[in-house]
Amino acid sequence: MERLDKFLCDSGVGTRSQVKAILKAGRVAVDEKVERDCARKIDPDTQRVTLDGEIPGGKRRVVVMLNKPAGYVTATEDKAEATVMELLPEELRRLDLKPVGRLDKATEGLLLLTNDGELLHRLISPKKEVPKIYYARHEGTATLPDIQAFAAGLTLRDGTVCRPARLEPLGAGESLITVCEGKYHQVRRMMAARCMTVTYLERLQEGALKLNNLPRGAVRELTEAEISALET
Ligand code: URA
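Residues numbered from 1 in each chain as written. Predicted model: local features only at pLDDT ≥ 70, side-chain atom pairs only at ≥ 80, totals over all residues. Heavy atoms only, no water.

## Let's talk about the overall build of the chain
Right, so step 1: Looking only at helices and strands, one finds seven helices and 14 strands in the chain.
Right, so step 2: For 232 residues, the compact-globule estimate of 2.2 N^0.38 gives 17 Å, and the C-alpha radius of gyration of the chain, at 22 Å, exceeds that figure by more than 25%.
Right, so step 3: If you line up the chain on its principal axes, its C-alpha atoms span 70 × 35 × 30 Å.
Right, so step 4: Relative to its 232 residues, the chain shows a buried fraction of 44%.
Right, so step 5: Partitioning the intrachain contacts of the chain with sequence separation of at least 6 by distance along the chain shows that 63% fall at a separation of at least 24.
Right, so step 6: Accessible surface computed for the chain: about 12100 Å², of which carbon and sulfur atoms make up 51%. (Helix = DSSP H or I, 4+ residues; strand = E, 2+ residues; numbered from the N terminus. Rg over C-alpha atoms; globule rule 2.2 N^0.38 Å. Buried < 20%, exposed > 50% of the residue type's maximum accessible area, 1.4 Å probe, protein only. Contact = heavy atoms within 4.5 Å. Areas by Shrake-Rupley, 256 points an atom, 1.4 Å probe, with all protein chains shown as cover.)

## Considerations on the sheet that holds strand S3 (residues 33-34)
Right, so step 1: Strand order in the open sheet formed by three strands is S3-S2-S5, and the pairing between neighbours is antiparallel. The two strands at the open ends of the sheet, each matched to only one other strand, are S3 and strand S5 (49-51). (Pairing = 2+ DSSP bridges.)

## With respect to the pattern of salt bridges
Right, so step 1: As enumerated under the stated definition, the model contains 20 salt bridges in all.
Right, so step 2: With its nearest N and O atoms 3.5 Å apart, the salt bridge here joins aspartate 104 to arginine 102.
Right, so step 3: Accessibility expressed as a relative area gives 10% for aspartate 104, which makes it buried.
Right, so step 4: A salt bridge links arginine 220 to glutamate 226; its shortest N-O distance comes to 2.8 Å. (Salt bridge = Lys/Arg side-chain N within 4 Å of Asp/Glu carboxyl O.)

## Considering the nonpolar core
Right, so step 1: Counting residues in hydrophobic clusters, the biggest one holds 31 residues, and the most contacted among them are Leu92, Leu97, Leu113, Phe150, Ile177, Met190 and Met191.
Right, so step 2: When residues of this core are traced back to their parent elements, those giving at least two are strand S6 (63-68), strand S8 (108-114), strand S9 (132-138), helix H5 (144-152), strand S11 (174-179), helix H6 (186-193) and strand S12 (198-206).
Right, so step 3: Element by element, the count of residues in this core is highest for H6, at three residues. (Core = buried A, V, L, I, M, F, W, Y, C linked by side-chain atoms within 4.5 Å.)

## Examining the site of the ligand
Right, so step 1: What surrounds the ligand is the set Leu103, Asp104, Thr107, Tyr134, His185, Gln186, Val187, Arg188 and Leu201.
Right, so step 2: Aspartate 104 places a side-chain nitrogen or oxygen 2.7 Å from a nitrogen atom of the ligand.
Right, so step 3: At a separation of 3.4 Å, an oxygen atom of the ligand approaches a polar backbone atom of glutamine 186.
Right, so step 4: Considered on its own, the ligand offers 230 Å² of accessible surface; in the complex 96% of this is hidden by protein.
Right, so step 5: Looking at the shell around the ligand, the element that brings in the most residues is H6, giving three residues.
Right, so step 6: Residues that form the shell around the ligand fall into these classes: four nonpolar, three polar and two charged. (Near = heavy atom within 4 Å. Polar contact = N/O pair within 3.5 Å; in protein donor to acceptor, adjacent residues only side chain to side chain. Nonpolar A, V, L, I, M, F, W, Y, C, P; charged D, E, K, R; others polar.)

## A few points about unusual backbone geometry
Peptide bonds are mostly trans, and most non-glycine residues show a negative phi.
Right, so step 1: Phi angles above zero are rare outside glycine, and cysteine 195 is one such case at about 60°.
Right, so step 2: Tracing the chain through its elements places cysteine 195 in the loop between H6 and S12.
Right, so step 3: Phi is positive for asparagine 212, which is not a glycine, with a value near 50°.
Right, so step 4: Its location among the elements puts asparagine 212 in the loop between strand S13 (209-210) and strand S14 (219-221).
Right, so step 5: You can call asparagine 212 exposed: its relative accessible area is 65%.

Spelled out as structure tokens, the structure:
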């Protein structure tokens, strides 16, 4: 059993004081009967709580796509730096979302966040091998031997061996890089191993999911169909 106001807060309905006002306004029902008492004890497994006639949504599984700007660290908390959590609107911040993998502070682009712990672990598992596509600006120009070295599985300067990856030069100092793993600073280190310092990095795609025209700094929820595609 738990308090009705706590249940509603945890479900992402609002803050304690917002939930109090919502209850006072008679918008919440327990087993079809309007309930105004914050302290009412309920059993969420057997009782039906509705807000404006609908099941409150917060405990539902949520996966969001963020177009991360540079300057934010991928963490839920940080004492010194701004985190990607600060980019989420208030109603999403309450849902206990966690980043799926990480982008460096300077890297921009597609970052997923979810409150589904199992999905998160499956997506970051080394077995999953979701291809991730990055756009990089870099010093130098990628050539055929670089493409071949990426395809064969690069050895980084510290001896770490990478899985085969795809390097597609777009012109002088610009490339697309596709990797199926998520080692620390992976793309920057792979490019450095071929003597090309990355000066700008953006993740464009993860599996079938693309940033498309989601503005920088904006966030959108994935549809059920997009989530199902991620799970396969
Ligand atoms: N590779 C990097 O070097 N940095 C990122 O943020 C992502 C991939």
